[in-house]
Amino acid sequence: MDAGIEKRTAQARWERRTQRPLLALAVLFAVAYAVPIVDSSTSRTVTLTCAVAEWVVWAAFAADYLVRLGLAEDRKRFVRTHWLDLCAVVLPLLQPLRLLRLVSTLMLVGRRARMASQIRLTTYVAGAVVGLLMFGSLAVLSVERDAPGGNIRTLGDAVWWSFTTMTTVGYGDHAPTTGMGRMLAVGLMLSGIALLGVVTANIAAWFIARFEKDDVEERRQTEAIRALTEEVRALRAEVAELRAGSVVD
């Protein structure tokens, strides 16, 4: 029993200590992913350095998963309950595509971010929106810029397309023509709907909690008024009895 508690404590301590460094590595990944796409004329050395940085960040998240697995009290249960983490770690090994490293890193960052306090939910939702817009723009630009007949040629086109896609507005002035681009569009649309649902649910929960708090306060005041009314009635009855007694005397 003590060993299990110690393992859970060690796992929680590891997750708490590594959360910020892993988020910093995720920012490094974002820079390394963006540089070769934004500036297509970068030298081979810079491109290679960015690719190495991406793999280093992915390796750090993979090592984090293995450490958490080693610290878990029930490793089989850990694998079952963290199967998305495992998929994100294995995904880039299936085929050496930069887009797979992007997807896996976003999944791992999201899984670790959800371990934070629910008080920071709004911050993480805002971060998810910015991250999806940025990575979605870069990813679609990387696959659509050189596509025959494509109309997403610049970063501005890609950002505008990401905004209209995530909000499900879909003006149609820019649209992906490749299979991978359309898969990205589907992912952005679903993500936008999911984030909107989270925001709506969060606002609704806040209002409900506020109304429940007001109801509790109102009930408390009503009970206090009722108690005071009963006390006043009791006092009146005692005064009436005292007056009746004095008259008899």
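Residues numbered from 1 in each chain as written. Predicted model: local features only at pLDDT ≥ 70, side-chain atom pairs only at ≥ 80, totals over all residues. Heavy atoms only, no water.

K.L.:
What's the story with the overall build of the chain in this structure? I'm lost.
P.N.:
Helices and strands together make up the secondary structure of the chain, namely 8 helices and 0 strands. When the helices and strands of the chain are listed from N to C terminus, the series reads α-α-α-α-α-α-α-α. Counting over 249 residues, the chain shows a buried share of 30%. In the chain, of all internal contacts separated by at least 6 residues, the share reaching a separation of at least 24 is 64%. Here the chain displays about 16,000 Å² of accessible surface, and carbon together with sulfur accounts for 66% of that area. (Helix = DSSP H or I, 4+ residues; strand = E, 2+ residues; numbered from the N terminus. Buried < 20%, exposed > 50% of the residue type's maximum accessible area, 1.4 Å probe, protein only. Contact = heavy atoms within 4.5 Å. Areas by Shrake-Rupley, 256 points an atom, 1.4 Å probe, with all protein chains shown as cover.)

K.L.:
I tried to follow the side chain of Asp157 on my own but got confused; where do I start?
P.N.:
Mapping Asp157 onto the fold places it in helix H7 (residues 155-166). Buried and unpaired, Asp157 has no salt bridge, with Arg153 as the nearest side chain of opposite charge at 7.2 Å. Ignoring sequence-local partners within four residues, the contact set of Asp157 consists of Asn151, Ile152 and His174. (Lys, Arg positive; Asp, Glu negative; His and termini not counted. Salt bridge = Lys/Arg side-chain N within 4 Å of Asp/Glu carboxyl O.)

K.L.:
What should I look at first to understand a nonpolar patch on the surface in this one?
P.N.:
Taken together, the side chains of Val199, Ile203, Trp206, Phe207 and Phe211 make up a nonpolar region of the molecular surface, amounting to roughly 510 Å² of accessible area. You can see Phe211 is positioned in helix H8 (residues 179-248). (Patch = residues over 30% accessible without salt bridge, like charges linked within 9 Å, V, L, I, M, F, W, Y side chains within 5 Å.)

K.L.:
Explain the packing of aromatic side chains here, please?
P.N.:
Describing an aromatic ring pair means giving the distance of the ring centres and the angle of the ring planes. In total, this model carries 5 aromatic pairs according to the counting rule given. Summarising the aromatic geometry, the rings of Phe29 and Phe135 are spaced 6.3 Å apart at their centres and angled 45° between planes, so their arrangement reads as tilted. With a gap of 106 residues between them, Phe29 in helix H1 (residues 2-38) and Phe135 in helix H6 (residues 121-144) connect regions that are remote in the sequence. In this structure Phe29 comes out as buried when scored by relative accessible area, which is 0%. (Phe/Tyr/Trp six-rings, centres within 6.5 Å; stacked < 30°, edge-to-face > 60°.)

K.L.:
Is there a simple way to think about the UniProt feature "transmembrane region" (unreviewed entry) in the chain in this case?
P.N.:
Here, the residues flagged by UniProt with the feature "transmembrane region" (unreviewed entry) are residues 21-38, 44-67, 121-141 and 183-209. Across residues 21-38 one finds 100% helix and 0% strand; the C-alpha atoms that close the span lie 26 Å apart. Overall, residues 44-67 shows 100% helix and 0% strand. The separation of its end C-alpha atoms is 34 Å. (UniProt positions renumbered as here; feature names shortened; annotations may be inferred.)

K.L.:
What am I meant to see in the pattern of salt bridges here?
P.N.:
Oppositely charged side chains may form a pair once their charged atoms are brought near each other. What the rule picks out here adds up to 3 salt bridges. Across the pair Glu230 and Arg233 runs a salt bridge whose closest N-O atoms are separated by 3.5 Å. Of the two residues, Glu230 and Arg233 are both situated in helix H8; the distance of 3 residues between them amounts to about one turn of the helix. Classification of Glu230 as partly exposed rests on a relative accessible area of 45%.

K.L.:
Please clarify how a negative patch on the surface should be interpreted in this entry.
P.N.:
On the surface, Glu212, Asp214, Asp215 and Glu218 cluster together to form a negatively charged patch. Along the chain, the position of Glu212 falls in helix H8. (Charge placed at Lys NZ, Arg CZ, Asp CG, Glu CD.)

K.L.:
When you look at H7 in this model, what are you seeing that I'm missing?
P.N.:
Every α-helix carries 3.6 residues per turn, so stepping three or four residues along brings you back to the same face. In a regular helix each residue adds 1.5 Å, so 12 residues correspond to 16 Å; H7 covers 16 Å between its end C-alpha atoms and thus fits that length. Those residues of H7 not exposed but buried are Asp157, Ala158, Trp161, Ser162, Thr164, Thr165 and Met166. Among the residues trailing H7, Thr168 stands out with phi positive, at a value near 55°. (Expected span 1.5 Å × (residues − 1).)

K.L.:
What am I meant to see in helix H2 (residues 44-71) here?
P.N.:
Relative to the 40 Å expected for 28 residues at 1.5 Å per residue, H2 spans 41 Å between its end C-alpha atoms, a close match to the ideal helical length. Here H2 has its buried residues at Cys50, Ala53, Glu54, Val57, Trp58, Phe61, Ala62, Asp64, Tyr65 and Arg68.

K.L.:
I'm lost on the nonpolar core in this one. Help?
P.N.:
The tendency in soluble globular proteins is for nonpolar side chains to be buried side by side. By size, the foremost hydrophobic cluster in this structure holds 23 residues, and its most contacted members are Tyr33, Val140 and Trp161. Of all elements in the fold, only H1, H2, H6, H7 and H8 reach the threshold of two or more residues within this core. Each residue touching Val140, except ones within four places of it in the same chain, is listed here: Arg145, Ile152, Ala158, Trp161 and Leu184. Residues Ala62, Tyr65, Ala72 and Val89 belong to the second largest nonpolar core, which totals 6 residues. (Core = buried A, V, L, I, M, F, W, Y, C linked by side-chain atoms within 4.5 Å.)

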